[in-house]
Amino acid sequence: MPKGTSPDADLSVRPADLERAGAWLAGHGLADVRPTTLLATRLEVRRRARLAASVLLAAFLIAVALTYTGGMVEGSGDRRWSLLVLTALVVGLVLAQSSLDGWVRRVDRRAGATLSRRAAHPVRLGWRTVLGRPRAAFAVATFAGGTALAISTLTLDDSTARYAAVILLVGLCGLAVGVVVQLRHTLTHPVVADDEVSLTADVIMRVEDARVGAAPTAVWSVWSLPVVSVFSTTFGWWNAAWLAFIVLSVIALALIEARTARSAAVARNVMSAP
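Quantities reported herein were computed from a predicted structural model and do not represent experimental measurements.

A.B. asks: Would you mind showing me how to read the confidence of the model for the protein here?
C.D. replies: When the pLDDT values of the protein are averaged, the result is 80; 85% of them are 70 or greater. When pLDDT is averaged over each element of the protein, helix H1 (residues 15–27) comes out on top at 90 and helix H8 (residues 217–231) at the bottom at 64. Here residues 1–10 is modelled with pLDDT under 50, and outside its nearest four sequence neighbours on either side it reaches 21 contacts, counting other chains as well.

Right, dumping it as structure tokens:
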């Protein structure tokens, strides 16, 4: 930090948070940079928010599974009630994710208020920069592929498969909205930096936030719930298509991970832009 800026005086973090911030810097090619409480605060709230988001997603998947299973019980009544419950779960998921994003934004805002001056990125950070075309295309293709398979299943005579497809469609819609909400937060929340190093760290955090939010793990998970249940009744083209969908997605993701620049490299390119 330059002279005249003293965010450390207004923020307090645990020694373990500073150690994690130092390890984070070293892992992104910034081992010679001293971790500050500003950086440690921002990293810690993201760590906690991601942990909470993982718990939230796990709870959502369990609730979806219970809702689906409840609709499959003989004599359980109209399945439309299950769909209403699932819709409420989707709304709750989106609102909870928005709340987590708001928490991160508030912590960043308080951290930024400690800076005596604010820096700005040399170029505008759009989705092409923080997420990248390959990952964006992969995220769209993942949702589109899952949606297409689910819609095609609605034409089958098997009521169990059709019910599973409807459950899947509602879950996919909720996850898609959640991804859009997270990406919007990543692109619009204010810059918290006052020099080149903190600007570089800001870019890295945005890239990592976007990549984590667009990861296909949630889609694979919600896809598996109704499909695995159908295995117990029959093994048809839908099950085979699901397996192929997962395998091809994993291969595509591995290729993207291998061929796209790491978050630190993206940050360096942004900072060197004219």
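More follows now that the structure is in view.
A.B. asks: How do you make sense of the pattern of salt bridges when you look at a structure like this?
C.D. replies: Pairing of side chains with opposite charge becomes possible as their charged atoms draw close. Per the stated rule, a full pass over the model turns up 13 salt bridges. Between Arg-48 and Glu-44 there is a salt bridge, and its shortest N-O distance comes to 2.8 Å. Of this pair, Arg-48 and Glu-44 both sit in helix H2 (residues 37–72), separated by four residues, roughly a single helical turn. Overall, the relative accessible area of 40% leaves Arg-48 in the partly exposed class. A salt bridge links Glu-257 to Arg-135; its shortest N-O distance comes to 3.1 Å. Of the two residues, Glu-257 is situated in helix H9 (residues 237–259) and Arg-135 in helix H5 (residues 133–153); the sequence distance between them amounts to 122 residues. The class of Glu-257 is partly exposed, set by a relative accessible area of 46%.

A.B. asks: I tried to follow the side chain of Glu-208 on my own but got confused; where do I start?
C.D. replies: Tracing the chain through its elements places Glu-208 in helix H7 (residues 196–213). The side chain of Glu-208 is buried and forms no salt bridge, while Arg-50, the nearest opposite charge, is found at 4.5 Å. A polar side-chain atom of Glu-208 sits 3.4 Å from a polar atom in the side chain of Trp-24. In this structure the side chain of Glu-208 is engaged in a polar contact, spanning 2.4 Å, whose partner is the side chain of His-28. In contact with Glu-208, other than residues within four places in its own chain, are Trp-24, His-28, Arg-50 and Ser-263.

A.B. asks: I'm lost on a nonpolar patch on the surface in this one. Help?
C.D. replies: A cluster of nonpolar residues, Val-247, Leu-248, Ile-251 and Leu-255, forms a patch on the protein surface that exposes about 380 Å² of accessible area. Judged by its relative accessible area of 46%, Leu-255 falls in the partly exposed class.

A.B. asks: Looking at this structure, how should I read the packing of H5 against helix H6 (residues 159–188)?
C.D. replies: Packed helix pairs are specified by the crossing angle of their axes together with the interaxial distance, meaning the distance between the axes. Running from N to C, H5 and H6 point in directions that differ by 155 degrees, and their axes come no closer than 8 Å. In terms of orientation, H5 and H6 fall into the roughly antiparallel class. H6 is crossed by H5, and the crossing has left-handed handedness. Contacts between H5 and H6 involve Phe-143, Gly-146, Thr-147, Ala-150, Ile-151 and Thr-153 from the former and Ala-161, Arg-162, Ala-165, Leu-168, Leu-169, Leu-172, Leu-175, Ala-176 and Val-179 from the latter. Of the residues that constitute the contact of H5 with H6, the class distribution is 11 nonpolar, three polar and one charged.

A.B. asks: I would appreciate a short explanation of the nonpolar core in the present structure.
C.D. replies: In a soluble, globular protein the nonpolar side chains are often hidden away together inside. Counting residues in each nonpolar core, the largest one holds 24 residues, and the members touching the most others are Trp-24 and Leu-39. Residue assignment for this core shows that the elements contributing at least two residues are H1, H2, H5, H7 and helix H10 (263–271). Ranked by residues supplied to this core, first place goes to H7 with six residues. Once residues within four sequence positions are removed from consideration, Trp-24 is found in contact with Leu-39, Leu-43, Ala-201, Ile-204, Met-205 and Glu-208. Membership of the second largest hydrophobic core comes to 20 residues, among which are Phe-143, Leu-168, Leu-172 and Leu-175.

A.B. asks: For this particular structure, what's the right way to read the packing of H7 against H10?
C.D. replies: Between H7 and H10, the shortest axis-to-axis distance is 8 Å and the interhelical angle comes to 130 degrees. Comparing their axes, H10 and H7 come out oblique. Seen along the crossing, H7 lies across H10 with a hand that is right-handed. Facing Glu-196, Leu-199, Thr-200, Val-203, Ile-204, Val-207, Glu-208 and Arg-211 of H7, the residues of H10 in contact are Ser-263, Ala-264, Val-266, Ala-267, Val-270 and Met-271. Classifying every residue of the contact of H7 with H10 by side-chain character gives nine nonpolar, two polar and three charged.

A.B. asks: How do you make sense of the environment of Val-203 when you look at a structure like this?
C.D. replies: With respect to the secondary-structure elements, Val-203 resides in helix H7. On the accessibility criterion, Val-203 (0% relative accessible area) is buried. It is 8.0 Å that separates the C-alpha atoms of Val-203 and Val-270, two residues lying 67 residues apart in sequence. Once you skip the residues sitting within four places of it in the chain, Val-203 turns out to touch His-121, Leu-125, Ala-267 and Val-270.

The rules behind the values
Just so you know, the residues in each chain are numbered from 1, in the order the chain's sequence is written. Predicted model: local features are reported for residues with pLDDT of at least 70 only, side-chain atom pairs are reported and counted for 80 or more only, and whole-chain, interface and lining totals are derived from all residues. The side-chain quantities take in all heavy atoms of the structure and omit both hydrogens and water. Per residue, pLDDT captures the predictor's confidence, and it can take any value from 0 to 100. Runs of E in the DSSP output that reach at least two residues are strands. Runs of H or I that reach at least four are helices, and both are numbered from the N terminus. It only takes one pair of heavy atoms within 4.5 Å for two residues to be counted as in contact. Salt bridges, as used here, are contacts in which a Lys or Arg side-chain nitrogen is within 4 Å of a carboxyl oxygen on Asp or Glu. The buried label applies to any residue whose accessible area, calculated with a 1.4 Å probe on protein chains only, is under 20% of its type's maximum; exposed applies above 50%, and partly exposed to all values in between. The sign given to each residue is positive for Lys and Arg and negative for Asp and Glu; His and the chain ends receive no count. Counting of polar contacts relies on pairs of N or O atoms within 3.5 Å, with two restrictions inside protein: one atom must be capable of donating a hydrogen and the other of accepting it, and residues adjacent in sequence are counted only when both atoms are side-chain atoms. By definition, no residue in a patch forms a salt bridge, and every one has over 30% relative accessible area; like charges are joined within 9 Å, nonpolar side chains (Val, Leu, Ile, Met, Phe, Trp, Tyr) within 5 Å. Here the open area of atoms and residues is found with the Shrake-Rupley method and a 1.4 Å probe, where only the protein chains shown may cover a residue. Think of each axis as a best-fit line through the C-alpha atoms, taken over the contacting stretch in the case of a helix, with angles from 0 to 180 degrees between the N-to-C directions. Note that the term roughly parallel is reserved for angles under 35 degrees, roughly antiparallel for angles over 145, roughly perpendicular for angles of 65 to 115, and oblique for everything else. Note: crossing handedness is left-handed where the near helix turns anticlockwise from the far helix by less than a right angle, and right-handed where it turns clockwise. By the convention adopted, Pro, Cys, Tyr, Trp, Phe, Met, Ile, Leu, Val and Ala count as nonpolar, Lys, Arg, Asp and Glu as charged, and the other residues, Gly among them, as polar. The criterion is simple. A nonpolar core is a set of buried Ala, Val, Leu, Ile, Met, Phe, Trp, Tyr and Cys residues joined through side-chain atoms within 4.5 Å.

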